[in-house]
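# Observations on chain architecture
Residue strings, one per chain:
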Number of protein chains: 2
Amino acid sequence: MAVTALAGGVGAAKFLRGLLATVSAAEVTVIGNTGDDAVFHGLHVSPDLDIVTYTLGGIVDATKGWGVAGDTRNALDQLGRLGIDTWFWLGDKDFGTHIARTMWLAEGVALSAIAERIRVALGVGARILPMSDDQVRTRFVTTAGTELEFQDYFVRHHHAEEIASVSFEGAAAARPAPGVVEAIEQAERVIICPSNPVVSIGPILAVPGIREALRSARHKVVAVSPIVEGAALRGPAARLLPVVGAEASASGVAGLYADICATFVVDRRDAGEVARIEALGLRPVLLETVMETPDVAAALAKEILALDLDG
Amino acid sequence: MAVTALAGGVGAAKFLRGLLATVSAAEVTVIGNTGDDAVFHGLHVSPDLDIVTYTLGGIVDATKGWGVAGDTRNALDQLGRLGIDTWFWLGDKDFGTHIARTMWLAEGVALSAIAERIRVALGVGARILPMSDDQVRTRFVTTAGTELEFQDYFVRHHHAEEIASVSFEGAAAARPAPGVVEAIEQAERVIICPSNPVVSIGPILAVPGIREALRSARHKVVAVSPIVEGAALRGPAARLLPVVGAEASASGVAGLYADICATFVVDRRDAGEVARIEALGLRPVLLETVMETPDVAAALAKEILALDLDG
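No experiment lies behind these values; they were computed from the predicted model shown.

### Some words on the overall build of chain A
When helices and strands are tallied, chain A shows 13 helices and 14 strands. A globule of 311 residues ought to have a C-alpha radius of gyration of about 19 Å, and chain A, at 18 Å, matches this closely. Each of the 311 residues in chain A was classed as buried or not, and the buried ones make up 58%. Sequence separation of 24 or more characterises 68% of the internal contacts of chain A that already satisfy a separation of 6 or more. Counting only carbon and sulfur atoms, one obtains 51% of the accessible surface of chain A, whose full area is about 11500 Å². Each charge class in chain A was averaged separately, 26 positive and 38 negative side chains, and the resulting centres sit 2 Å apart.

Below is the structure:
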């Protein structure tokens, strides 16, 4: 079954690894968020794409959920010795990826072509597409009026700042990367991974053409709630949902996706949300979504693929 | 005693470490060769400056004579995994230096200001100046007519190619870096380190203004022959001297420096060269120049500083 998945970082990567236990990698296309891309020390870092690529390539640091397993931090330490602020952790193997990406970008290679080179080189069978080759950057304004870039908010300040608004700089002028719209159109099933709806899936949907393609494909789109019992399993989703006017609940997420997906997977613990999700015009499906082990992720993916969307 | 030294890479660095056993670091200025600078994987590498800085900072890989002691090669391996040709060895700590330098250059910081930042951060007391902030690149043409960049010739082809000509691209338009001419003018003693006269000292002398400053200071300039018994202790000097019309001997080197130094140190093994060096108008001094241990380097430097140049 040809499957296209919209993905953020760690949660999506876990799910996608589970997905590949059921469907062959050649049938899977991942559309990744690049809104949290950033330049560190002159190098272009694509955190979400790399998390997905490293996870599917089997080299991710499984404890952290990002970075390369067994990586060292000699380059970062040297930068620190040279007086450079190194609050963003970058391992040496990871630096290799960023050095290559930056060099290729400088040569005029598109981010999507670079993502393709990297995933092929790392033996990842699934296609990994950035949402856009154009620059889109997630920005925050705190309730105190301070502007923050994504990694400032997310890593440096451990998403502790209270946020008043989120924006996706550059999104209005961005175009979907080559193959993104086609991957949505041609898939038998589109899955919105259990990623942060505001800052992981949000930037993807902000690229003109992608939301429209999903609307047209709504009947075959299944979203998985990243919110269980009102809380995010990881990260600041629960605190960011109210910033975009949504409740911090599975129903709140369902409301954001109501126009783009017909089926909405919520955790069994949230059976009480079913009626509200139905009221939004979505078909709720109760499944075990807390991916504490790869087996749970694989079972979740298998059940989603087995859903009869015409039923 | 205020000492200014013209330096290439490994041989110069060994000598300079010996020099600092006698003279305080604050009195030493090093003018380094940047003709073999190169861009690898989008990063600006300054091999000779780094060898000197790492050596004086006490972190050099003493076995190789370059790179950082105990460095790992994870970034380079990752670049290799991504299909990039990694014939030029770069350790992870070393990558940190190149990443910082490249970032600062992109911000518009001059190479000399960057060299200053790095040597201060690494605790090097001696001032280290690149010969120029402008780009000068050593190029070769082989006898077969092939053009080679410096690192191609030196590292990739292990200086095995037969060379027909050497040129310093950009040298004619380059200006000495801030402080270079003053360091020559104001020094009590100027030492031309035992480095390759063609491709380590040659590029420095090719920057307009530097050779002239040395000519004016000739009485206080002491050069150390890198050629002992007709052979270079390291590298291709003996094969490159004939390319610039010089004999592969201490006298051949003395001939290249006749206008810029009054005193020429040759190894005791080359006592037979004394008459020819005198005939070139230079005062020959016989010393032990083969720096097999730091003690020999320190003794050599001490004797050079003790020379009575007015005698």
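There's more to say after this.
### Some words on the pairing of strand β10 (residues 221–224) of chain B
Residue and element names in this part refer to chain B. Here β10 shows a buried face lined by V221 and A223 and a second buried face lined by V222 and V224. The pairing of strand β9 (residues 189–192) with β10 spans three bridges and is classified as parallel. Counted as the bridge partner of I192 is A223 from β10. Note: β10 against strand β13 (residues 263–267), three bridges, orientation parallel. Residue V222 lies in a different strand from β13, and its bridge partner there is T263.

### Describing the sheet that holds strand β6 (residues 137–142) of chain A
Residue and element names in this part refer to chain A. Strand order in the open sheet formed by three strands is β7-β6-β8, and the pairing between neighbours is antiparallel. The open sheet has two free edges, formed respectively by β7 (147–149) and β8 (163–169), since each of these has just one partner strand. For this sheet, the mean inter-axis angle between neighbouring strands, taken without regard to orientation, is 25°. Bridge count between β6 and β7: three bridges; the pairing is antiparallel.

### Quick notes on the sheet that holds strand β14 (residues 283–287) of chain B
Residues and elements named next belong to chain B. Across the sheet, seven strands lie side by side as β5-β2-β1-β9-β10-β13-β14; this open sheet has parallel pairing. Edge strands, defined here as strands with exactly one partner in the open sheet, are β5 (127–130) and β14. The mean inter-strand angle of the sheet, taken between neighbouring strand axes irrespective of direction, is 25°. Sheet topology places strand β1 (residues 3–7) next to strand β2 (residues 28–32); five bridges connect them, and they run parallel. Across the sheet, residue A5 finds its bridge partner in β2, namely V30. Docked against the sheet, helix α1 (residues 10–19) engages β1, β2 and β9, running at close to 165° with respect to β1.

### Quick notes on the domain arrangement of chain A
Residues and elements named next belong to chain A. When cut into domains, chain A gives domain 1 (3–135 + 173–306) and domain 2 (137–171). On the side of domain 2, 20 residues touch domain 1, which itself brings 26 residues to the contact. Together, the buried faces of domain 1 and domain 2 total about 1900 Å²; carbon and sulfur atoms form 60% of this surface. For the domain 1 face of the interface with domain 2, the top three residues by lost area are W87, Q135 and V243, together amounting to 30%. If you look at where domain 1 meets domain 2, you find one salt bridge. For D85, the salt bridge is made with R156, and the minimal N-O distance between the two is 2.6 Å. Along the contact surface separating domain 1 from domain 2 lie ten residue pairs in polar contact (both at pLDDT 80 or more).

### Comments concerning the confidence of the model for chain A
Predicted coordinates in regions of low pLDDT should not be interpreted in detail. In the predicted model, chain A carries a mean pLDDT of 96, and 100% of its residues have values of at least 70. Predicted complex, confidence summary: ipTM 0.93, pTM 0.95.

### Considerations on the pattern of salt bridges
Applying the stated criterion to the full structure yields 30 salt bridges over all chains. In this structure, the salt-bridge partner of E149 of chain A is R139 of chain A, at a minimum N-O distance of 3.2 Å. Separated by ten residues along the polypeptide, E149 of chain A in strand β7 and R139 of chain A in strand β6 bring together distant segments of the chain. A residue is classified by how much of its surface remains accessible, and E149 of chain A, at 43% relative accessible area, is partly exposed. E116 of chain B is the salt-bridge partner of R119 of chain B, the closest N and O atoms lying 2.9 Å from each other. Taken as a pair, R119 of chain B and E116 of chain B lie in helix α5 (residues 111–121) at a separation of three residues, close to a single helical turn.

### Focus: the interface of chain A and chain B
Across the boundary between the two partners, chain A contributes 26 residues, which contact 26 residues of chain B. Buried surface at the junction of chain A and chain B, both sides included, amounts to about 2300 Å², of which 71% is carbon and sulfur. In this structure, the connection of chain A to chain B is made through zero salt bridges. At the boundary of chain A and chain B, one finds four residue pairs in polar contact (both at pLDDT 80 or more). Going through the elements one at a time, α3 (74–81), α4 (92–106) and α5 (111–121) of chain A are the ones with two or more residues in the side of chain A that touches chain B. With nine residues, the top contributor of residues to the side of chain A that touches chain B is α4 of chain A.

### A word on unusual backbone geometry
A negative phi angle is the norm for most residues apart from glycine, just as the trans form is the norm for most peptide bonds. All names here are of chain A. Of note in the backbone geometry, H41 takes a positive phi value of approximately 55° without being a glycine. If you trace the backbone, H41 turns up in the loop between β3 (38–40) and β4 (43–45). When its relative accessible area of 9% is taken as the criterion, H41 is described as buried.

### Remarks on the relation of the copies chain A and chain B
Superposition of the two copies of the chain requires a rotation about an axis and a shift along the axis. With an RMSD of 0.0 Å, the fit of chain A onto chain B corresponds to turning through 180° and sliding 0.0 Å along the axis. Each copy turns onto its partner about a two-fold axis. Scanning chain A for the C-alpha nearest the rotation axis identifies D92 of chain A, at a separation of 3.1 Å. Both copies contact each other with a shared surface, as 100% of the interface residues of chain A are interface residues in chain B too.

### Description of the packing of aromatic side chains
The full count for this structure, using the stated rule, is 14 aromatic pairs over all chains. Aromatic pair W66 of chain A and W89 of chain A: ring centres 6.2 Å apart, planes at 65°, arrangement edge-to-face. Separated by 23 residues along the polypeptide, W66 of chain A in the loop between α2 (47–56) and α3 and W89 of chain A in the loop between α3 and α4 bring together distant segments of the chain. Of the residues examined, W89 of chain A reaches a relative accessible area of 27% and is grouped as partly exposed. The interplanar angle of 85° and the centroid separation of 6.0 Å between the aromatic rings of W87 of chain B and F88 of chain B together place this pair among those described as edge-to-face.

Each value, and the rule that gives it
- Residues numbered from 1 in each chain as written.
- Chains lettered and ligands numbered in written order.
- Predicted model: local features only at pLDDT ≥ 70, side-chain atom pairs only at ≥ 80, totals over all residues.
- Heavy atoms only, no water.
- Helix = DSSP H or I, 4+ residues; strand = E, 2+ residues; numbered from the N terminus.
- Rg over C-alpha atoms; globule rule 2.2 N^0.38 Å.
- Buried < 20%, exposed > 50% of the residue type's maximum accessible area, 1.4 Å probe, protein only.
- Contact = heavy atoms within 4.5 Å.
- Areas by Shrake-Rupley, 256 points an atom, 1.4 Å probe, with all protein chains shown as cover.
- Lys, Arg positive; Asp, Glu negative; His and termini not counted.
- Charge placed at Lys NZ, Arg CZ, Asp CG, Glu CD.
- Pairing = 2+ DSSP bridges.
- Axes fitted to C-alpha atoms, helices over the stretch in contact; angles between N-to-C directions.
- Domains from an automatic or database assignment.
- Buried area = accessible area lost by both parts, 1.4 Å probe.
- Salt bridge = Lys/Arg side-chain N within 4 Å of Asp/Glu carboxyl O.
- Polar contact = N/O pair within 3.5 Å; in protein donor to acceptor, adjacent residues only side chain to side chain.
- pLDDT = per-residue confidence, 0-100.
- Least-squares fit on C-alpha atoms with pLDDT ≥ 70 in both.
- Phe/Tyr/Trp six-rings, centres within 6.5 Å; stacked < 30°, edge-to-face > 60°.

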